[in-house]
Amino acid sequence: MNAIIIAAGSGKRISESVKNFPKSMITVNGKPIIEYQLTTLRKAGINEICIITGPHSEKFNIKNVKYIKDIDYENHDILGSLMQARKYFQKDTIILYSDIIFESKIIEKIIKSKEDISIAVDMNWEEKYEGRTEHPKSEAENVEVKNDTEIIRIKKNITDANYRIGEFLGIMKFSMKGSELFIEKYDEVINNKTDLFHDAPSISKAYVTDMIQELIDSNIKINPILISGKWCEIDTLQDLKNAEKIFNP
């Protein structure tokens, strides 16, 4: 099993002092966000790790990982960055956003999934937004889950659901077949779509969640992995301070 970390973003929403710095290299209690991820992945036995970098890639100094520099980051969003590493979709693969910290039991549960495409979902997500005024609930990447076994919709701010609502953590798991399905569908879309793509103005400006919804709409099952435990997203200065409390050593 290998892991791909999408780390092409900067810390411009956190503060002026780190706007020209990779977000994943911002420190939480003196340790870069991405180091928390690497420690947890390696503890779970995942040592083949690829990091996708964007601007300020020269500031990454982590050893024993593979790097892919997304030189075209200005012309696409996070989905386009992920597809720069498509050659690493060769076996069971974990894909992570680079601005999240999570405890070991979360990744251990994700690894155990036997489905072709699985995404981590927190059904108790709303409590994490209490007092989170700089990143309100309306910005959450919501997931509508049917019978705790099937995802039927994923997008920001779902308010008209018929089933339970959770939040996507920013962690996915593909089997070899799942990787092939994902890449095949992406290539199909990129060769045919020129207009709106789900919540994005185009496929080039799409998020990973837009691609997940495309798979759902194509009758490809996306399995929810319902997690519990400590995790946090770091998108603002308020989030950074909260992470330092949650993951205080």
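Let me begin by describing the structure that accompanies this report. All residue numbers refer to positions counted from 1 along the written sequence of the respective chain. It should be noted that, the model being predicted, local features are given only for residues of pLDDT at least 70 and side-chain atom pairs only at 80 or more, the latter also being counted only at that level, while totals for whole chains, interfaces and linings use all residues. Where side-chain values are given, they derive from all heavy atoms of the structure, hydrogens and water being excluded.

## Observations regarding the side chain of Ser118
Each helix corresponds to a stretch of at least 4 residues labelled H or I by DSSP, and each strand to a stretch of at least 2 residues labelled E; elements are numbered beginning at the N terminus. Note on placement: Ser118 falls in strand E8 (residues 117-122). Residue Ser118 is classed as buried on the basis of its relative accessible area of 0%. Reaching out from Ser118, the side chain makes a polar contact with the side chain of Ser113 at a distance of 2.6 Å. Residues within four places of Ser118 in sequence aside, it is in contact with Ser113, Ile171, Met172, Lys173, Asn223 and Ile225. Buried, partly exposed and exposed residues are distinguished by accessible area as a fraction of the type maximum, computed with a 1.4 Å probe on protein chains only: under 20%, between the cut-offs, and over 50%, respectively. N or O atoms within 3.5 Å of each other form a polar contact, as long as, within protein, one can give a hydrogen and the other can take it, and as long as residues adjacent in sequence are counted only when both atoms are side-chain atoms. In what follows, residue pairs with any heavy atoms lying within 4.5 Å of each other are defined as contacts.

## Observations regarding helix H5 (residues 208-217)
Extensive coverage of H5 is indicated by the burial of 9 of its 10 residues. Of all the positions in H5, only Val208, Thr209, Asp210, Met211, Ile212, Gln213, Glu214, Leu215 and Ile216 are classed as buried. Looking one or two residues beyond H5, the residue adopting positive phi is Asn219, at roughly 65°.

## Notes on the packing of helix H4 (residues 176-192) against H5
Two elements in contact, H4 and H5, have axes separated by 10 Å at closest approach and are oriented at 95°. When the interaxial angle is binned, H4 and H5 end up roughly perpendicular. For the pair H4 and H5, the contacting residues are Leu181, Phe182, Lys185, Tyr186 and Val189 in the first and Met211, Glu214 and Leu215 in the second. In this classification, Asp, Glu, Lys and Arg are treated as charged, Ala, Val, Leu, Ile, Met, Phe, Trp, Tyr, Cys and Pro as nonpolar, and every other residue, Gly included, as polar. Considered class by class, the residues forming the contact of H4 with H5 number 6 nonpolar, no polar and 2 charged. Every axis in this analysis is a line fitted to C-alpha atoms, fitted for helices over the stretch in contact. Angles between the N-to-C directions lie between 0 and 180 degrees. For this classification, under 35 degrees means roughly parallel, over 145 means roughly antiparallel, 65 to 115 means roughly perpendicular, and everything else is oblique.

## Digging into the nonpolar core
In terms of nonpolar packing, the biggest core is built from 40 residues, with Ile4, Leu82, Ile119, Met172, Phe182 and Ile212 touching the most fellow members. For this core, the leading source of residues is H5, giving 5 residues. In this structure Met172 touches Thr93, Ile94, Ile95, Ile117, Ser118, Ile119, Phe182, Val208 and Ile212, once residues within four positions along its chain are discounted. Membership of the second largest hydrophobic core comes to 26 residues, among which are Ala3, Ile94, Ile106 and Ile225. As used here, the term nonpolar core means buried Ala, Val, Leu, Ile, Met, Phe, Trp, Tyr and Cys residues forming a set that is joined through side-chain atoms within 4.5 Å.

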